[in-house]
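The lines below spell out each chain.
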Amino acid sequence: LSLMDKKVGLLDIDIHGPNIPNMLGLQGITPLVTDMGIFPLKIYDNLQTISIGFFLESKDTPVAWRGPLKHRMIEQFLCDVRWGETDYLIVDSPPGTGDEILSIIQLLDRVDSAIIVSTPQDVALADVRRAIKFCTDYKIPVPGIIENMSGFVCPHCGNTVDIFKTGGAEKLAEEYNVPFLGRIPIDTAVVQAGDEGKPLIISCPESETSKAFSRIIERIIEIMPVT
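Residues numbered from 1 in each chain as written. Predicted model: local features only at pLDDT ≥ 70, side-chain atom pairs only at ≥ 80, totals over all residues. Heavy atoms only, no water.

This part covers the overall build of the protein chain. Counting its regular elements, the protein chain contains 8 helices and 10 strands. In summary, the protein chain has a C-alpha radius of gyration of 18 Å against a globular reference of 17 Å for 227 residues, a match within 12%. Principal-axis analysis of the C-alpha atoms gives the protein chain an extent of 55 × 40 × 40 Å. Residue pairs at least 24 apart in sequence account for 71% of intrachain contacts in the protein chain once pairs closer than 6 positions are excluded. Element-wise, carbon and sulfur atoms account for 53% of the exposed surface of the protein chain, whose accessible area totals about 13300 Å². (Helix = DSSP H or I, 4+ residues; strand = E, 2+ residues; numbered from the N terminus. Rg over C-alpha atoms; globule rule 2.2 N^0.38 Å. Contact = heavy atoms within 4.5 Å. Areas by Shrake-Rupley, 256 points an atom, 1.4 Å probe, with all protein chains shown as cover.)

Pasting the structure below:
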């Protein structure tokens with residue numbers, strides 16, 4: 001989104017597994033905290049982020065919190081962080097429908113949408129069904145489903161191996177009458193880029209996986225234009 005000239009805030013509420021600092025190459029950097037509030041870390045011209053991972057003593061420090069502490073932290077990140085003007089506030093949430101998601105719903109006046117990401121196998125899709133039902137119960141629109149880890153293209157022979165099956169998320173989207181946004185294949189370059197803190201879509205924009213990301217984002221902008 002930020003590469004398409006949208007002003008983006010990225011809020012990491014995966015409190016027990018905050019990986020945004022690692023995946024964006026920001027380990028060891030602490031945001032500025034003043035009487036005016038908390039200032040998110042600016043990564044690129046149009047992208048800034050905040051995560052509990054920036055405030056831990058080390059990357060090995062566990063966060064063993066119950067619901068009330070997690071709710072208070074999310075409240076601070078929403079209310080005390082100086083996000084400034086944004087076109088999109090993306091909330092990276094943990095899987096499931098636990099405390100973190102409930103806090104976001106309670107604290108925000110309006111949640112515009114919940115984009116569902118799933119791997120193709122039946123075990124994962126069972127969880128996605130629950131997530132879609134949760135969104136329906138709380139009147140949160142679901143603008144689409146993304147199928148992640150959808151096939152692996154062998155770099156040696158070029159054949160595609162469906163390690164986690166393929167097409168499961170697309171069938172689920174048809175079943176629930178929501179858009180299917182696209183597939184992200186299994187790609188070793190994604191793993192390497194995440195470990196090195198260099199997003200693949202920036203470090204290797206011409207790769208087929210990066211193009212898959214771009215196509216998905218184009219669809220999201222089409223479905224959810226900035227108003």
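Using the criterion set out here, one finds 12 salt bridges in the structure. Close ionic contact of Lys 70 with Asp 99 constitutes a salt bridge, the shortest N to O distance being 3.7 Å. Residue Lys 70 is found in helix H2 (residues 67-79), and its partner Asp 99 is found in helix H3 (residues 99-107); the two are separated by 29 residues along the sequence. On the basis of relative accessible area, Lys 70 is assigned to the buried category, the value being 7%. We classify Asp 99 as partly exposed; its relative accessible area is 35%. A salt bridge links Arg 183 to Glu 147; the nearest nitrogen and oxygen atoms lie 3.3 Å apart. Of the two residues, Arg 183 sits in strand S10 (residues 180-186) while Glu 147 sits in strand S8 (residues 145-153), which places them 36 residues apart along the sequence. The structure contains a network of salt bridges with shared partners spanning Lys 70, Asp 99 and Glu 100. (Salt bridge = Lys/Arg side-chain N within 4 Å of Asp/Glu carboxyl O. Buried < 20%, exposed > 50% of the residue type's maximum accessible area, 1.4 Å probe, protein only.)

Glancing now at the sheet that holds strand S5 (residues 47-51). With mixed pairing, the 4 strands of this open sheet are ordered in space as S4-S5-S1-S6. With one partner strand each, in any of the chains shown, strand S4 (41-44) and strand S6 (88-92) form the two edges of the open sheet. Direction aside, neighbouring strands of the sheet carry axes that sit 25° apart on average. (Pairing = 2+ DSSP bridges. Axes fitted to C-alpha atoms, helices over the stretch in contact; angles between N-to-C directions.)

Before going further, it helps to spend a moment on the packing of aromatic side chains. Overall, the coordinates contain 2 aromatic pairs when judged by the stated rule. Ring centres of Phe 134 and Tyr 138 lie 4.7 Å apart, and the angle between their planes is 35°; on these two criteria the pair is classed as tilted. For Phe 134, a relative accessible area of 12% corresponds to the buried category. Given the relative accessible area of 42%, Tyr 138 is considered partly exposed. (Phe/Tyr/Trp six-rings, centres within 6.5 Å; stacked < 30°, edge-to-face > 60°.)

With that settled, consider helix H6 (residues 188-196). At the N-terminal end of H6, a side-chain oxygen is found 2.8 Å from the backbone nitrogen of Ala 189, two or three residues along, and the residue is Asp 187. Two residues or fewer past H6, Gly 197 is found with a positive phi of approximately 70°. (Polar contact = N/O pair within 3.5 Å; in protein donor to acceptor, adjacent residues only side chain to side chain.)

Ranked by size, the top nonpolar core spans 18 residues in total, and within it Ile 116, Ile 132, Ile 145 and Leu 172 carry the most contacts. Mapped by element, the contributors of at least two residues to this core are H3, helix H4 (122-137) and helix H5 (168-175). One finds Leu 11, Ile 52, Val 81 and Ile 104 within the second-largest nonpolar core, a separate group that totals 14 residues. (Core = buried A, V, L, I, M, F, W, Y, C linked by side-chain atoms within 4.5 Å.)

This paragraph deals with the pairing of S8. In this structure, strand S7 (residues 116-118) lies alongside S8, joined through 3 bridges in parallel fashion. Counterpart to Ser 118 in the pairing with S8 is Glu 147. Examined bridge by bridge, S8 and S10 share 5 bridges and lie parallel to one another. The partner of Phe 152 across the bridge, within S10, is Ile 186. With 2 bridges connecting them, S8 and strand S9 (residues 160-161) associate as antiparallel partners. Bridge pairing in S9 links Phe 152 to Val 161. Between the antiparallel neighbours S8 and S9 lie 6 residues, among them Gly 158 with a positive phi of about 85°.

On to unusual backbone geometry, then. Phi is positive for Lys 165, close to 65°, though the residue is something other than glycine. Along the chain, Lys 165 turns up in the loop between S9 and H5.

On the surface, a cluster of nonpolar side chains totalling about 270 Å² of accessible area is made up of Leu 3, Tyr 44 and Ile 202. Position of Leu 3 relative to the elements: it lies in the segment before strand S1 (8-12). (Patch = residues over 30% accessible without salt bridge, like charges linked within 9 Å, V, L, I, M, F, W, Y side chains within 5 Å.)

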